[in-house]
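Letter by letter, the chains look like this.
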Amino acid sequence: MKISRILLSILVIAVLSSVNSASAQKNYAQDADNAYTYQQYYEAIGMYKKALTKVKKNKAEKARITYQIAECYRMNNDIKQSEVWYKKSIAVKYPEPLATLYYAEALKANEKYADAVVQFDNYKALVPSDLRGANGSESCVLAQQWKDNPTRYEVENVKQFNSKEADFAATYADKKYKSLIFTSNRTGSTGKDYDAWTGLSFMDLYMVNQDRKGAWTTPAVLPEPVNSKFNEGAATLNAKANEIYFTRCGVEKKKQLGCEIYTSKKKGTAWDIPEVISLAPDSFTCGHPSLSDDELTMYFASDMPGGFGGKDIWMVKRTKKTKPWDKPINLGSTINTANDEMYPFLRDDGVLFFSSNGLLGMGGLDIFKVEKAGEKWGIPANLKYPMNSAGDDFAIIFEGKLEKGYFSSNRKGGKGSDDIYSFYQPPLIFTLQGKICDDSTKAMLKGALVKLIGSDGTIVADTSDALGAYSFNKTQYLANTSYQIEVSRVDFFGAKGKESTVGLERSKDFVHDFCLVPIPKKPIVLPEILYDYDKWDLKPQYQDSLNGLIQTMTDNPNITIELGSHTDARGSDVYNDTLSYKRAKSVVDYLISKGIAADRMTPFGYGEKVPRLLIKDMTRDGVTFAKGTKLTEDYIDSFKNDNKKFEAAHQLNRRTEFKILRSDYVPKSDGVQQDVKIGIKTGEGETPDDTEKQDNNE
């Protein structure tokens, strides 16, 4: 874009003369230098190109003129041409390292990130002390990452009122956010001459209104005295929309005049004669005002002394609306850089937005936001893509507290040089769905209860349908929440899962399937719970073997189990019954100590009555027993001459196992649990009471 350097805010030094005839001087280089001095870049380009044709053997002058042409294009923000001419200036060996830096920045603005990194690295080698080299390389990498992973803001060109010329810096002009005042140099502007900086018309303020159906009216130029024959733009209004603050850049031939902030009050439908707000010394520029709701603080951009280079964001305060403004305060080096910071906008919540080409960004100007902690500003955050682009992105405004508003950009695909874009952040929408199946048959399960427990305290549930499907919609599955998913069904072990929407910036439909394991009808041998001969105590090294059972009962709070302990076949029946009872009791006591309710367990001592039937090959102490082997007393006695195998078989019979009895257990409402009854399985039935007495008499 050719005019951005002045149109980006009408903040640049307005040293623009109304020139209507081409120079007829023979010394084109001198004439071009004079035009450049007075920021008449549009005219200077033509003169430099003529001077270039006159240069013959003077290589140094040829290189200088080539560089100056590149500079003129840069000042007019014609990135494509500036890239071409900076490359030429390097080719003809112009000695200034800035040629390499500006060439890198032009490549970056044209989204040639890989080539730009090379040139930034070249500049870093030329001027190691200048961080713009290293920062430029890093910003190219970040720019590509941001493009590949955009935020959820949606951006749209407001084609209804954008023109083929420059349209930018919109501000709300009424309390209902249905009117905008913006800057444009479209046909119909008040000033009739052209701007020698850009070669285009002067800037004026325009107003446009939106009807109930969302359609925009034809923009109308604000009447004098707000608009004049000079450049006006970058405005803001107070909360009542009856006082306007705007930027005006005067024009006087062959003089450097600074831009200033003016204010005008509205009377009826007309505006009073604007009055200047004196904030900076003559020849320095001030512009881009942003007013706080109470009208006691104003942020603006300026190149006045005391800054950090280029244009900085400044702040000025007053004690009352009727009082004069105090001395301006620079916002400091956290926000301001050696380059340009412009277009401040103070949101209702106190967050400050501004544009910078000195912080890490995607191209030219990028939009940043920064919050204040006490009296200090934090670290500015880049709004990333698609709010920012490889072009210039600036002059953002928000519709109150809503995540919507407008900003300006000269990005690719626009209607004119600068265009106004609308933006909004669609709400985050998350859903969760899935299917429940039988882990053994893979058949879909109907009637499974799926409970969704949120970190915010919400609990919702759904039941799987005939196809095994469950779902939770956007009102049940929320943003910035972590969820525990619990699935249960009669005759199946429960299952748990986790999902989270915390930190996600894009809407997403989650899918989480579960396959439930059927509850086996036969007892399940607990792993590695072994007992020494004639012992019943639960050894510490085998307590870990119960962790799986504890987790199963914790994950499935509606199941009850039978715990059965067994002995080997040595000893009398009465002795083994008592020993197995004591082994069952040691397991029960441990489970209770870990929080398992006593009335969820029905333990028994089986003694030696149930020899183990191996359901798979088993190895104990180096001895392997084949699947299907039943470790009866007669079978084991056949190994009396093989003591190792004999002992290994007896050891496999000394075990504790469990089986699921019910899956509809409900805890006692009063929270009081019954004492556990530990019994012995005899040939004549269960004898829990006698077992308790026997234990007490030992």
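Here the structure is shown first, and the text comes after it.
All of these numbers come straight from a predicted model, not from anything done at the bench.

Engineer: Explain the overall build of the protein to me, please; I cannot follow it from the model alone.
Structural biologist: Looking only at helices and strands, the protein has 14 helices and 41 strands in total. Put simply, the protein has 698 residues, and 50% of those count as buried. For the protein, long-range pairs separated by at least 24 residues make up 58% of all intrachain contacts whose partners lie at least 6 apart in sequence. Taken as a whole, the protein presents about 33500 Å² of accessible surface, with 50% of it coming from carbon and sulfur.

Engineer: What is the right way to read the packing of helix H6 (residues 98–109) against helix H7 (residues 113–126) from this model?
Structural biologist: For the pair H6 and H7, the least separation of the axes is 8 Å and the interaxial angle reads 160 degrees. Compared by their axis directions, H6 and H7 come out roughly antiparallel. The hand of the H6/H7 crossing is left-handed. Of the residues in H7, those in contact with Leu-98, Thr-100, Leu-101, Tyr-103, Ala-104, Glu-105, Leu-107 and Lys-108 of H6 are Tyr-113, Asp-115, Ala-116, Gln-119, Phe-120, Asn-122, Tyr-123 and Leu-126. Split into classes, the residues belonging to the contact of H6 with H7 amount to ten nonpolar, three polar and three charged.

Engineer: Looking at this structure, I do not really get the pairing of strand S14 (residues 297–302). What am I missing?
Structural biologist: On a regular strand, each side chain points to the face opposite its neighbour's, so the side chains alternate between the two faces of the sheet. Among the six residues of S14, six are classified as buried, and the element is accordingly described as predominantly covered. Residues Thr-297, Tyr-299 and Ala-301 point to one face of S14 and Met-298, Phe-300 and Ser-302 to the other, with burial holding for every one of them. Alignment of strand S13 (residues 286–291) against S14, held across four bridges, turns out to be antiparallel. Bridging from a neighbouring strand, Cys-286 pairs with Ser-302 of S14. Between the end of S13 and the start of S14, which pair antiparallel, lie five residues, with Glu-295 showing a positive phi angle near 65 degrees. In this sheet, strand S15 (residues 312–317) lies alongside S14 in antiparallel orientation, the contact comprising six bridges. Its bridge partner being in S15, Thr-297 is matched across the sheet by Lys-317.

Engineer: How should a negative patch on the surface be read in this particular structure?
Structural biologist: A grouping of Asp-293, Asp-294, Asp-348, Asp-349 and Glu-371 is seen on the molecular surface, where their side chains present a negatively charged patch. You can see Asp-293 is positioned in the loop between S13 and S14. We classify Asp-293 as exposed; its relative accessible area is 53%.

Engineer: Can you help me understand the state of the cysteines in this one?
Structural biologist: Put plainly, a disulfide is one covalent bond tying together the sulfur atoms of two cysteines. Across all of its chains, the model carries two disulfides by this definition. Covalently, Cys-249 is tied to Cys-259 through a disulfide, its sulfur atoms 1.9 Å apart. With the S-S dihedral at roughly 105 degrees, the linkage between Cys-249 and Cys-259 falls on the right-handed side. Separated by ten residues along the polypeptide, Cys-249 in strand S9 (residues 243–249) and Cys-259 in strand S10 (residues 259–267) bring together distant segments of the chain. Using a relative accessible area of 0% as the deciding quantity, one classes Cys-259 as buried. Going through the protein in sequence order and numbering each bonded cysteine, the pairs you get are 1-2, 3-4.

Definitions and cut-offs
Residues numbered from 1 in each chain as written. Predicted model: local features only at pLDDT ≥ 70, side-chain atom pairs only at ≥ 80, totals over all residues. Heavy atoms only, no water. Helix = DSSP H or I, 4+ residues; strand = E, 2+ residues; numbered from the N terminus. Buried < 20%, exposed > 50% of the residue type's maximum accessible area, 1.4 Å probe, protein only. Contact = heavy atoms within 4.5 Å. Areas by Shrake-Rupley, 256 points an atom, 1.4 Å probe, with all protein chains shown as cover. Axes fitted to C-alpha atoms, helices over the stretch in contact; angles between N-to-C directions. Parallel < 35°, antiparallel > 145°, perpendicular 65-115°, else oblique. Left-handed = near helix turned anticlockwise from the far one by under 90°. Nonpolar A, V, L, I, M, F, W, Y, C, P; charged D, E, K, R; others polar. Pairing = 2+ DSSP bridges. Patch = residues over 30% accessible without salt bridge, like charges linked within 9 Å, V, L, I, M, F, W, Y side chains within 5 Å. Salt bridge = Lys/Arg side-chain N within 4 Å of Asp/Glu carboxyl O. Lys, Arg positive; Asp, Glu negative; His and termini not counted. Charge placed at Lys NZ, Arg CZ, Asp CG, Glu CD. Disulfide = S-S within 2.5 Å.

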